[in-house]
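# Architecture and fold: a report
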Amino acid sequence: MSDISSKNLTIKLELQEDKKTPLSELMEHSFIPNTFRVFLLKYLTNRLLCNAQLHHINNGIDQSCLCCINNGFLPPPKETIHHLLKYCPGTSALRNFMSNFFVVEALNQLEEDEICVGVNRFSQQKNMICNIIILVFIKFTYQYRRTALINDFNFLKDFIVDQLNEIFTLKKHLLRQVNSLINPNIQLESLDEVN
Ligand SMILES: [Zn+2]
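Residues numbered from 1 in each chain as written. Predicted model: local features only at pLDDT ≥ 70, side-chain atom pairs only at ≥ 80, totals over all residues.

### Notes on the overall build of the chain
- Tallying secondary structure elements over the chain gives 10 helices and 0 strands in all.
- Going from the N terminus to the C terminus, the chain shows its helices and strands as α-α-α-α-α-α-α-α-α-α.
- Counting every position in the chain, which comprises 195 residues, the buried fraction comes to 26%. (Helix = DSSP H or I, 4+ residues; strand = E, 2+ residues; numbered from the N terminus. Buried ≥ 20, exposed ≤ 12 C-beta atoms within 10 Å, placed from the backbone.)

Structure, rendered in structure tokens:
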């Protein structure tokens with residue numbers, strides 16, 4: 001475990017000031033569990049192992065996007081997390097769902113770039129909550145990109161509720177604010193029971 005921490009510290013120090021994004025600012029919040037911090041660091045430093053990265057490690061591995069193949073979009077481009085979050089036709093319904101996820105003042109829809117780098121339009125606390133949900137969304141996309149669950153929005157909602165409960169273990173009071181930031185048509189109902 002200590003090896004992992006020192007490695008992460010090195011990666012964190014490698015992040016240039018000019019590469020700072022609203023999402024990377026989540027690293028500054030110590031209450032975020034380590035598993036999420038590790039995932040975020042891998043994302044920020046382009047070390048998530050999609051097929052394009054796996055192909056570099058082992059050129060026997062096809063670098064094509066399986067989500068495109070599974071949904072009949074041929075020829076498939078390289079599978080990178082950037083492709084999946086911004087361009088993949090196999091995740092377009094998911095991206096559309098996500099862009100309508102929040103309803104807070106002055107936020108009509110999430111822009112494509114905000115899904116990739118996070119939002120920075122609100123108060124510090126609202127930004128943080130929105131960006132945590134965006135991080136969970138990125139994790140979902142990465143984890144389920146090769147399955148039919150990628151376009152199952154009820155499954156996505158359950159995933160978000162579970163992950164938020166885990167992330168906010170030490171900050172339960174912030175969970176109360178989550179539903180107030182979310183589109184009424186999407187409401188994460190199981191968060192209503194939070195005390
Ligand atoms: Zn694709």
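### Section: helix 9 (residues 153–167)
- Compared with the 21 Å implied by 1.5 Å per residue over 15 residues, the 20 Å span of helix 9 between its first and last C-alpha is a close match.
- All buried positions along helix 9 are accounted for by Leu156, Ile160, Gln163, Leu164 and Ile167. Down the axis of helix 9, the smallest arc covering the buried residues is 100°, so these residues share one side. Turned more than 90 degrees away from the buried face of helix 9, the exposed residues are Asn154 and Asp162. (Expected span 1.5 Å × (residues − 1). Arc of directions from axis to C-beta.)

### Observations regarding the nonpolar core
- Leu26, Ile132, Ile133, Ile134, Leu135, Val136 and Leu164 are the most contacted members of the largest nonpolar core, which has 39 residues in total.
- If one sorts the elements of this core by residue count, helix 8 (residues 124–144) sits on top with 10 residues.
- Contact partners of Ile133, with chain neighbours within four places excluded, come to Phe101 and Ile160. (Core = buried A, V, L, I, M, F, W, Y, C linked by C-beta atoms within 7 Å. Contact = placed C-beta atoms within 7 Å.)

### Topic: the environment of Arg95
- Inspection of the secondary structure puts Arg95 in helix 6 (residues 92–99).
- Distance in space between the C-alpha atoms of Arg95 and Phe137 is 9.4 Å, their sequence separation being 42 residues.

### Quick look at unusual backbone geometry
- Geometrically, the link from Leu74 to Pro75 is a cis peptide bond, its omega value of -5° lying close to zero.
- Mapped onto the secondary structure, Pro75 falls in the loop between helix 4 (66–70) and helix 5 (81–87).
- A positive phi angle, near 55°, is found at Asn46, a position not held by glycine.

### So, the environment of Ile134
- With respect to the helices and strands, the residue Ile134 is situated in helix 8.
- Ile134 sits 17 residues away from Val117 along the chain, and the two C-alpha atoms are 8.8 Å apart.
- In contact with Ile134, other than residues within four places in its own chain, are Leu23, Ile115 and Gly118.

### A closer look at the environment of Asn131
- Tracing the backbone through its elements, the reader meets Asn131 in helix 8.
- A C-alpha to C-alpha distance of 5.8 Å links Asn131 and Leu23, two positions 108 residues apart in sequence.
- Excluding residues within four positions of it along the chain, Asn131 makes contact with Pro22, Leu23, Leu26, Gly118 and Val119.

### Observations regarding the confidence of the model for the chain
- On average, the chain scores 87 in pLDDT, and the residues at 70 or more come to 88%.
- Predicted confidence for residues 8–14 stays below pLDDT 50, and this span has 7 contacts to residues more than four positions away or in other chains. (pLDDT = per-residue confidence, 0-100.)

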